[in-house]
Amino acid sequence: MAIKKQFVKTKPVCKVTFSVVAKEAKLAAVVGDFNGWNPEEGELNKLKNGTFKGVFDIDKDASYEFKYLVDGAYVNESEADAYKYNSFAGAENSVLEL
């Protein structure tokens, strides 16, 4: 799993690339505060090597909780900036700092 951040100088956004290796999975998405936890808004594309990847423009100067949704199972990002307990989920979420 990995996160790549590319700050855009001309706009108040950061291009964030999310990638998760899930060779056996059929579907993967990134869901979080930045897309209303909507899997359709965070759908990732499957590459030939079994990695799911997607690039999203996310408002900078904020902190966002998120998780990957891989074939219906929630997975945290191992390289997240931090982790935060969420009482609604009853578990820790990954945190993205921009």
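The structure under discussion appears in the preceding block.
Residues numbered from 1 in each chain as written. Predicted model: local features only at pLDDT ≥ 70, side-chain atom pairs only at ≥ 80, totals over all residues. Heavy atoms only, no water.

Q: Where do I start with the side chain of Asn35 in this structure?
A: Mapped onto the elements, Asn35 comes out in the loop between strand 3 (28-32) and strand 4 (45-46). Here Asn35 falls in the buried class, since its relative accessible area comes to 13%. For Asn35, the side chain forms a polar contact with the main-chain nitrogen of Trp37, separated by 3.2 Å. Excluding residues within four positions of it along the chain, Asn35 makes contact with Val30, Glu41 and Gly42. (Helix = DSSP H or I, 4+ residues; strand = E, 2+ residues; numbered from the N terminus. Buried < 20%, exposed > 50% of the residue type's maximum accessible area, 1.4 Å probe, protein only. Polar contact = N/O pair within 3.5 Å; in protein donor to acceptor, adjacent residues only side chain to side chain. Contact = heavy atoms within 4.5 Å.)

Q: Help me understand the packing of aromatic side chains in this model?
A: Where two aromatic rings form a pair, the distance of their centres and the angle of their planes describe that pair. Across all of its chains, the model carries six aromatic pairs by this definition. Consider the rings of Phe66 and Tyr68, whose centres lie 6.1 Å apart with planes at 85°: the pair is edge-to-face. An identical accessibility class is assigned to Phe66 and Tyr68; each is buried. Through a chain of ring-to-ring contacts, three or more aromatic side chains come together here, namely Phe18, Phe34, Phe56, Tyr64, Phe66 and Tyr68. (Phe/Tyr/Trp six-rings, centres within 6.5 Å; stacked < 30°, edge-to-face > 60°.)

Q: Would you mind going over the sheet that holds strand 4 with me for this structure?
A: Working definition: the strands of a sheet are paired by backbone hydrogen bonds and lie parallel or antiparallel to each other. Taken in spatial order, the four strands line up as 1-2-5-4 in an open sheet, and their pairing is antiparallel. Across the chains shown, the open sheet's two edge strands, defined by having one partner strand only, are strand 1 (2-7) and strand 4. Pairing of strand 2 (residues 13-21) with strand 5 (residues 51-59) involves nine bridges; the strand directions are antiparallel. Bridging from a neighbouring strand, Cys14 pairs with Ile58 of strand 5. (Pairing = 2+ DSSP bridges.)

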